[in-house]
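Remarks on the overall topology
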Amino acid sequence: MVRSGRRRWETARVSSPTTTTVPVTGPAATAWPDLPAAQQPEWPDAAALAQVHAELASYPPLVFAGEADQLRAQLAQAARGEAFLLQGGDCAETFAGATADGIRRRVKTMLQMSAVLTYGGGLPVIKVGRMAGQFSKPRSSNLETRGDVTLPAYRGDAVNDFSFTAEGRTPDPQRLLRAYHTASATLNLIRAFTTGGYADLRKVHEWNRGFAATTANARYDALAKDVDKAMRFMAACGADFDALRTVQFFASHEALLLDYERPLTRTLDEEPPLSGPTSADVRQGGPYDTSAHMIWIGERTRQLDGAHVDFAARVRNPIGVKLGPKTSVADALALADRIDPFNEPGRLTFISRMGAGVIREALPALVAGVRDSGRVVTWVCDPMHGNTITSQSGYKTRRFDDVVEEVRGFFEVHATLGTVPGGLHVELTGDDVTECLGGAFDIDDAGLATRYESLCDPRLNHQQSLELAFLAAEMLQQR
Ligand SMILES: O=C[C@H](O)[C@H](O)COP(=O)(O)O
Ligand SMILES: C=C(OP(=O)(O)O)C(=O)O
Ligand SMILES: [Mn+2]
């Protein structure tokens, strides 16, 4: 059933994206330079925005700097081929989607994929959600036209509402506060799931409960039996499994809305020490964006002289940068010089999003150029954003086969160059949506209407996510 009849993709490309100079307000005002910032909303009320800045700046951090440091150390392992990154979640999180069930299904899907990748690939998997902050979207057009009505495009729940009315589409800075509180509730639940025993590898079977019986699920059950068997063997040998009770699960999102990221950026001298290993060597006390452990800069906002790259260069979190097929080696190296001047392993992740048809041509020169410069970056594959198409019936979609093909190309390029494929960045959900074509259920164009719920890009559903994990595990094994 089509929910609310809004699933046809009708964005009119009638104007170029917004580039504004972000008004610098709030407590950290003097710290931020006045640089052009692409893809910012046109907030109608500057005074209301200033108030929101001040309020956000007074809120507690959502994550600790020490956790961000731990993730950076793990990403450094991924750059060396000692770990593998799985970064996944919605294209656009919604406030309404932050339910206990919805969050649990996404976390379970990520845990299942991680188990498959760890078992098949023999590597620890670093789990990073596109979760707890992925509430804003860059758009190809500032405007959307339906019939004879043209309104501002939907830019994510942190900015405006999806409902196609003038009121709904007007940017409202109060939404930034709601984004913070929704991110906080989401993180709270993620922490409860992943540290309260639910993510214990001994529950590997239970993560499959509640999902429809499918081929991928059956294959997963078989794998879970093998994992169980191996663990019983280890337990009989006297192994201590307490370390498996908790799992580290990190949060990430695109650092797009400077009006959200800047007030949440803090120097955290007062932070209590974390238990477990910290990488004190890379802790320089500098500012951290406390909205997420890892943030990334998108393909549309990575201008060298722009506010987003400047922001990323200033904060100490691990940084991802999306690289599309037109990126030159010089572009990549200039970004690395700005964001990672000390060539710190784990600091910079390049997330290529080339498209299945071009990755084998476009990626090798980039990877080789970066390698030859002596730089250490973590290479990750986003097989989603270069493979978006409009289906005959008008849905924005992706072919599952193209997604797999891009991942295959990514592994092949790195195998040929002798470099390291460090991870995957995927738009996915734990729900049985019908947004991407193909997969074992062979969703066709007519099937897209059954359950298309994304407010922005199409996500792999639970079954397709597991299928991708099995295929990627095979590629990882062959590496
Ligand atoms: O998630 C990525 C972008 O926000 C998205 O692909 C842009 O989509 P649009 O071309 O429909 O604006
Ligand atoms: C906007 C996104 O990607 P990109 O910047 O690669 O287009 C995204 O990851 O949702
Ligand atoms: Mn997207």
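These numbers come from a predicted model, not from an experiment.

Nonpolar side chains tend toward joint burial in soluble globular proteins. If you look at the biggest cluster of nonpolar residues, it comprises 115 residues, and the most contacted ones within it are Phe84, Leu86, Val116, Leu117, Ile126 and Val321. Counting residues per element, this core draws most heavily on helix α3 (residues 100-121), at 8 residues. Not counting residues up to four positions away in its chain, the partners in contact with Val321 are Trp296, Ile297, Arg302, Leu335, Ile339, Phe350 and Ile351.

Here strand β13 (residues 378-381) shows a buried face lined by Thr378 and Val380 and a second buried face lined by Trp379 and Cys381. Relative to β13, strand β12 (residues 348-352) is paired through 4 bridges, and the arrangement is parallel. Looking across to β13, one finds that Ile351 is bridged to Val380. Across 3 bridges, β13 lies against strand β16 (residues 421-427) in parallel orientation. Residue pairing for β16: Trp379 is matched across the bridge by Pro421.

Time to look at the site of ligand 1. Residues in close proximity to ligand 1 total 9 residues, the closest being Cys91, Lys137, Arg139, Ser140 and Asp457. The class makeup of the residues in the shell around ligand 1 is 3 nonpolar, 3 polar and 3 charged.

Helix length check: α3 (22 residues) gives 31 Å between terminal C-alpha atoms against 32 Å at 1.5 Å per residue, within 8%. Looking one or two places after α3, you find Gly122, whose phi comes out positive at around 65°.

It is worth spelling out the site of ligand 2 at this point. If you check the shell around ligand 2, you find Cys91, Pro138, Glu254, Gly298, Glu299, Arg300, Lys322, Arg353, Asp382 and His385 and nothing else. Among the residues making up the shell around ligand 2, the classes are represented as 2 nonpolar, 2 polar and 6 charged.

A few words on the confidence of the model for the chain. For the chain, the average pLDDT comes to 89, and 90% of its residues sit at 70 or higher. This model gives residues 275-283 a pLDDT under 50, and the stretch forms 12 contacts once residues within four places in sequence are excluded. The ipTM assigned to the predicted complex is 0.98, against a pTM of 0.90.

Conventions used here
- Residues numbered from 1 in each chain as written.
- Chains lettered and ligands numbered in written order.
- Predicted model: local features only at pLDDT ≥ 70, side-chain atom pairs only at ≥ 80, totals over all residues.
- Core = buried A, V, L, I, M, F, W, Y, C linked by C-beta atoms within 7 Å.
- Buried ≥ 20, exposed ≤ 12 C-beta atoms within 10 Å, placed from the backbone.
- Helix = DSSP H or I, 4+ residues; strand = E, 2+ residues; numbered from the N terminus.
- Contact = placed C-beta atoms within 7 Å.
- Pairing = 2+ DSSP bridges.
- Near = placed C-beta within 6 Å.
- Nonpolar A, V, L, I, M, F, W, Y, C, P; charged D, E, K, R; others polar.
- Expected span 1.5 Å × (residues − 1).
- pLDDT = per-residue confidence, 0-100.

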